[in-house]
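# Analysis of the macromolecular model
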Amino acid sequence: MTYSGRVTVGGPADVHELKDLMITKIAVGPMDNNAYLLRCRATDEQVLIDAANDADTLLGTIGDDGIASVVTTHRHADHWQALGAVVAATGARTYAGREDAEGIPVPTDVLVDDGDVIRVGQVELTARHLVGHTPGSIVLIYDDPHGHPHVFTGDCLFPGGVGNTHNNPKAFASLIHDVETKIFDALPDETWVYPGHGDDTTLGAERPHLPEWHARGW
């Protein structure tokens, strides 16, 4: 089956099969959050990005092999509702951006800074710190040596725009700057984008619209 990146709450997961990494995307309620389970093909080690909700659904997706870690992209509550239950069931190590960790009620084992590397078996994910949606939002970049990059953007970048900055011009200016300099300027058009809600996109599909985003201010 061809990966589409379209998932619905209560529906099946969608799996993006890369040479070194398997990416399973699943939607959980009640705010239609996306959670991503990454599995290193060489070692079978797994990491979960955003234990957003529906712990039973996430644990069923994780399966008997468990997970080594959970990365929370940012402090907003819809992205960590199941974190406590998932960590209790799996013993996973927790990661979050340094500036957002205090807003996540489950203790963070590893504070993540810009440029830090999180490993999943033999696969490396590079964290970039983007300021604006929250003070400590992070995105994770997998630079596939056999193809194009893949970036897990939390709520910082979606099809059609950057994340919500709640009509705060300073926050918007910060977020659009970080998204442009750390994602669009650093990565090619083929880069696949996995957002915290909704469908996937690519940087090539979004890049022509950057001037529109600047003009509208959100």
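Cut-offs applied
- Residues numbered from 1 in each chain as written.
- Predicted model: local features only at pLDDT ≥ 70, side-chain atom pairs only at ≥ 80, totals over all residues.
- Heavy atoms only, no water.
- Buried < 20%, exposed > 50% of the residue type's maximum accessible area, 1.4 Å probe, protein only.
- Helix = DSSP H or I, 4+ residues; strand = E, 2+ residues; numbered from the N terminus.
- Arc of directions from axis to C-beta.
- Contact = heavy atoms within 4.5 Å.
- Axes fitted to C-alpha atoms, helices over the stretch in contact; angles between N-to-C directions.
- Parallel < 35°, antiparallel > 145°, perpendicular 65-115°, else oblique.
- Left-handed = near helix turned anticlockwise from the far one by under 90°.
- Nonpolar A, V, L, I, M, F, W, Y, C, P; charged D, E, K, R; others polar.
- Salt bridge = Lys/Arg side-chain N within 4 Å of Asp/Glu carboxyl O.

## Describing helix α2 (residues 83–90)
Note: α-helices contain 3.6 residues per turn, so residues at a spacing of three or four share the same orientation. Along α2, the residues classified as buried are Leu83, Val86 and Val87. Down the axis of α2, the smallest arc covering the buried residues is 95°, so these residues share one side. Along α2, exposed side chains directed more than 90 degrees from the buried face belong to Ala88 and Ala89. Each element contacted by the buried residues of α2 is listed here: β4 (46–49), α1 (55–62), β5 (69–72) and β6 (93–97). Positive phi shows up at Gly91, right after α2, with a value of about 70°.

## Focus: the packing of α1 against α2
α2 packs onto α1 with a crossing angle of 40° between their chain directions and a minimal axis gap of 9 Å. Classed by the angle they form, the pair α1 and α2 counts as oblique. Taken as a pair, α1 and α2 cross one another with a handedness that is right-handed. For the pair α1 and α2, contact is made by Ala55, Leu58, Leu59 and Ile62 and by Ala85, Val86, Ala89 and Thr90, respectively. Tallied by class, the residues present in the contact of α1 with α2 amount to 7 nonpolar, 1 polar and no charged.

## Topic: the pattern of salt bridges
A side chain of one charge can pair with a side chain of the opposite charge when the charged atoms of the two come close. Scanning the model with the defined rule gives 12 salt bridges in all. Of the charged contacts in the structure, one is a salt bridge between Asp200 and Lys25, with a shortest N-O distance of 2.6 Å. A residue pair is termed long-range when its members are at least 10 positions apart, and Asp200 in the loop between β14 (192–195) and β15 (201–202) and Lys25 in strand β2 (residues 21–28) qualify at 175 residues. Looking at Asp200, the relative accessible area reads 12%, which means it is buried.

## Quick notes on the environment of Val86
As for its placement among the helices and strands, Val86 is situated in helix α2. Each C-alpha atom of the pair Val86 and Val70 lies 8.6 Å from the other, and the pair is 16 residues apart in sequence. What Val86 contacts, discounting residues up to four positions off in sequence, is Leu48, Ala51, Leu58, Leu59, Ile62, Ile67, Val70 and Gly91.

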